[in-house]
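# Residue-level structure breakdown
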Amino acid sequence: MDYEFQRRFRLTKESVAELTLLIEHKLESKTSCNNALSPLEQVLIALRFYAVACMQLAIADLFDVSQPTVCRVVHRVSEDIASLLPDFIHLPVNREECKTVSRKFFNIAGFPSYWSFGWHLCTNNFSRW
């Protein structure tokens, strides 16, 4: 059963639960409307949309909601997930950090040193403008 869930949503049930916990305070309904979607339902709608990249109407039919609801939910959940970026991804901000990251990638898996090359390319391009 967990395998089928992961096939449909591209994440494990545990990952979905953790993601929902991180953003549920932003997804909770502000009204006491009877038909308000729970934060978990909203996350599942968005994840299914991401996983299959099909028309919003097909997702709406699957979850028994309207297409405009799917549109709003995907937009809201996407923004809330994106707001977590600084908590999980740190990008190097200077040449020394780029070199350190590049060295770590190489030490882990022999990954070529493109970080410093990219930084050099970026700084050279901006200096021309």
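Note that the coordinates shown come from a computational prediction; the quantities given were computed from them, not determined experimentally.

### Some thoughts on the side chain of Gln-42
On the secondary structure map, Gln-42 appears in helix α3 (residues 39-52). A distance of 2.9 Å separates the side chain of Gln-42 from the backbone oxygen of Leu-27, its partner in a polar contact. With residues up to four places along the chain from it excluded, the contact list for Gln-42 reads Leu-27, Leu-37, Val-73, Arg-76 and Val-77.

### Details of helix α5 (residues 67-82)
For α5, with 16 residues, the first-to-last C-alpha span of 22 Å sits near the 22 Å given by 1.5 Å per residue. Looking at α5, one finds that the buried residues are Thr-69, Val-70, Val-73, Val-74, Val-77 and Asp-80. Burial along α5 is one-sided: seen end-on, the buried residues are contained in an arc of 135°.

### Some points on the environment of Glu-97
Mapping Glu-97 onto the fold places it in helix α7 (residues 95-109). Judged by relative accessible area, which is 26%, Glu-97 ranks as partly exposed. In contact with Glu-97, not counting residues within four places along its chain, are His-90, Leu-91 and Pro-92. Among the polar contacts made by the side chain of Glu-97, one reaches the main-chain amide nitrogen of Val-93 at a distance of 3.2 Å.

### So, the environment of Phe-9
Note on placement: Phe-9 falls in helix α1 (residues 2-9). Judged by its relative accessible area of 11%, Phe-9 is buried. For the pair Phe-9 and Val-43, spaced 34 residues apart in the sequence, the C-alpha separation amounts to 9.9 Å.

### Some words on the layout of surface pockets
What the largest pocket holds in volume is close to 260 Å³. What lines the largest pocket is a set of 15 residues, and nearest its centre among them are Ala-36, Leu-37, Gln-42, Val-73 and Arg-76. For the lining of the largest pocket, the elements supplying multiple residues, two or more each, are α2 (13-27) and α5. When residues of the lining of the largest pocket are assigned to their parent elements, the largest contribution, 4 residues, is made by α5.

### Topic: the pattern of salt bridges
For the structure shown, the criterion picks out 3 salt bridges. For Asp-2, the salt bridge is made with Lys-13, and the minimal N-O distance between the two is 3.3 Å. Taken together, the residues span a long stretch of sequence, with Asp-2 in helix α1 and Lys-13 in helix α2 at a distance of 11 residues. Judged by its relative accessible area of 46%, Asp-2 falls in the partly exposed class. The exposure class of Lys-13 is partly exposed, given its relative accessible area of 38%. Here Arg-7 and Glu-4 are joined by a salt bridge, their closest N and O atoms 3.3 Å apart. Highlighted residues: Arg-7 and Glu-4, both in helix α1, separated by 3 residues, approximately one helical turn. Where salt bridges share partners, they join Glu-4, Arg-7 and Arg-8 into one cluster.

Rules used in this analysis
Residues numbered from 1 in each chain as written. Predicted model: local features only at pLDDT ≥ 70, side-chain atom pairs only at ≥ 80, totals over all residues. Heavy atoms only, no water. Helix = DSSP H or I, 4+ residues; strand = E, 2+ residues; numbered from the N terminus. Polar contact = N/O pair within 3.5 Å; in protein donor to acceptor, adjacent residues only side chain to side chain. Contact = heavy atoms within 4.5 Å. Expected span 1.5 Å × (residues − 1). Buried < 20%, exposed > 50% of the residue type's maximum accessible area, 1.4 Å probe, protein only. Arc of directions from axis to C-beta. 1 Å grid on protein atoms, 1.4 Å probe; cavity = no way out; pocket = protein on both sides within 12 Å on 5 of 7 lines; lining within 4 Å. Points joined across faces, edges and corners; volume = space filled by probe spheres on them. Salt bridge = Lys/Arg side-chain N within 4 Å of Asp/Glu carboxyl O.

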